[in-house]
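# Commentary on secondary and tertiary structure
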Amino acid sequence: MVPSPIGYLQIKLSFLSKKSNPEVLRTLTDVSLNSVLQVAMLSIPDLIKKKRDGGELSDEEIKLFIRAVTSKTMQDSQIGAMLMAVWLKGMVSTEIQTLTKEMMSSGQVMSWPDKWKGLTVDKHSTGGVGDKVSLVLAPALAACGCKVPMISGRGLAHTGGTLDKLESIPGFNTQQSADQIRDILASVGCCIVGQTEMLVPADRVLYALRDATSTVDSLPLITGSIISKKGAESLSALVLDVKFGRAALYKDLQGAKQLAQMLVEAGNRVGIKTAAVLSRMDGTIGRCVGNSLEVLESLETLKGNGPADLMELVNTLGGLLLLMTGVVSSLSEGKKKISEAVIGGQALSKFEAMMVAQGVAMETARSLCSAHTDYYSILRKAQQQLDLTVPADGVVVDLDGLVLAQVLHKLGAGRSRAGEPINHSVGAELLVSPGQRVKKGESWLRLHYDHPVPDQVALLQKALRVGKDNKAAEGESSLVAELLLPNEAHTL
């Protein structure tokens, strides 16, 4: 069999290393690498064609692809073509595993002190409306003894981003170097930061082009993107919140479960104990949606006043991580430990320390975390507030989170393209809950905005459905539908 370009190079360099002095070898290595890149460029169209026609890419072919992406020796049009070929034809398990590992190895892989072994954990959500779980979960886990290097993202389309929420706090710096992350974990136990320049550079390129080529919903590409970043964090355990429903990427449980299974398998294969929670995403999580408002609700939750649905997710996700790290011996014990960290105030103290460690003035952090604070003396308040009223007597049957998020997006709370500015003060407070009896003229939503958009009230009123009795409102009160556990996890 004729060796591939990289295989040939390895044979050649092995031979030369025995025959040449170091200076000659370095020169030959540089020349040989350039030759390989030239050959690789010639083979890229063949790789695209192979995947387009339903072929299975070899480990070496996937390595060539990722190296070409990272070194920018591949045209954007070619990368886009490969992404579309993967979207159309999919990938088998071995291809996904290699793709994930190569993406993970395309940049810096973080390392931690030996004494943290088994305790570094993180969580990832596939995105929802009002999803502020990370702001409560990270400090709660730190209060339980875990190290949480939470690398988060920004909002895109109708879903909000954790970094955007935190940046509504004056001074909060989400850009930290690897050394700074290590220092913050040593002193606080948790940090919430953006992806560093050196972490998984291949994903930066692929992520941007997936959005431009409408291949965002490809299961293999989603898996590679998520797990490669978590793998580069050198985690001991990872929990995934995979959402399904009207306001989620996947509208039904079956589609979400397929993604969850793929993510759990990929995570465990790169050496991270990985579990997933399948959770419903039809309405909102909590009662506040929008960056500043979600920080406010997170702080209230950390002060022991959190809504039940938000605490259900925090306790379940945190409990699973404590179980996988061996801190507790059962899920119920893990849930209790997380809940006690929140209610008892230890998580709030960690959040305050994290804010200070990430650039927030000590006085500001202390004020936000005090029992009686005027949040709007620190967080920006929108120029206008408008209460929407219930159109008829009855019972709240449904609150459509997707409609709400789409209107807020138009008002400036979200972005359509990466890098666009957002208005942190835009948001909405839900004043009613499903199953609640309401009267005509009663306020059901308070809208926060600076500049109105046409028909905003008419559009928002479509999010509310009122019925004559509460039978129509009866449904699943729990957000958590199912758990997927790693093979080595303890029996629940």
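Keep in mind that what you see is a predicted model, and the values were worked out from it rather than measured. (Residues numbered from 1 in each chain as written. Predicted model: local features only at pLDDT ≥ 70, side-chain atom pairs only at ≥ 80, totals over all residues. Heavy atoms only, no water.)

Across its full length, the chain carries 18 helices and 13 strands. Of all 492 residues assigned to the chain, the portion counted as buried reaches 52%. In the chain, 77% of the contacts between residues at least 6 apart in sequence involve partners at least 24 apart. On the chain, roughly 21400 Å² of surface is accessible, and the fraction owed to carbon and sulfur atoms is 53%. (Helix = DSSP H or I, 4+ residues; strand = E, 2+ residues; numbered from the N terminus. Buried < 20%, exposed > 50% of the residue type's maximum accessible area, 1.4 Å probe, protein only. Contact = heavy atoms within 4.5 Å. Areas by Shrake-Rupley, 256 points an atom, 1.4 Å probe, with all protein chains shown as cover.)

The next thing to look at is the pattern of salt bridges. Applying the stated criterion across every chain yields a total of 17 salt bridges. We note a salt bridge from E233 to K230, for which the minimum N-O separation is 3.4 Å. Classification of E233 as buried rests on a relative accessible area of 0%. (Salt bridge = Lys/Arg side-chain N within 4 Å of Asp/Glu carboxyl O.)

Right, let's talk about the packing of helix α6 (residues 133-143) against helix α13 (residues 308-325) for a bit. Their axes nearest at 10 Å, the elements α6 and α13 cross at an angle of 40°. Comparing their axes, α13 and α6 come out oblique. Seen from above, α6 lies across α13 with right-handed handedness. For the pair formed by α6 and α13, the contact residues are V133, V136, L137 and L141 on the first element and L310, L313, V314, L317, G318, L321 and L322 on the second. (Axes fitted to C-alpha atoms, helices over the stretch in contact; angles between N-to-C directions. Parallel < 35°, antiparallel > 145°, perpendicular 65-115°, else oblique. Left-handed = near helix turned anticlockwise from the far one by under 90°.)

Scope: geometric values only; no functional claims are made or implied.
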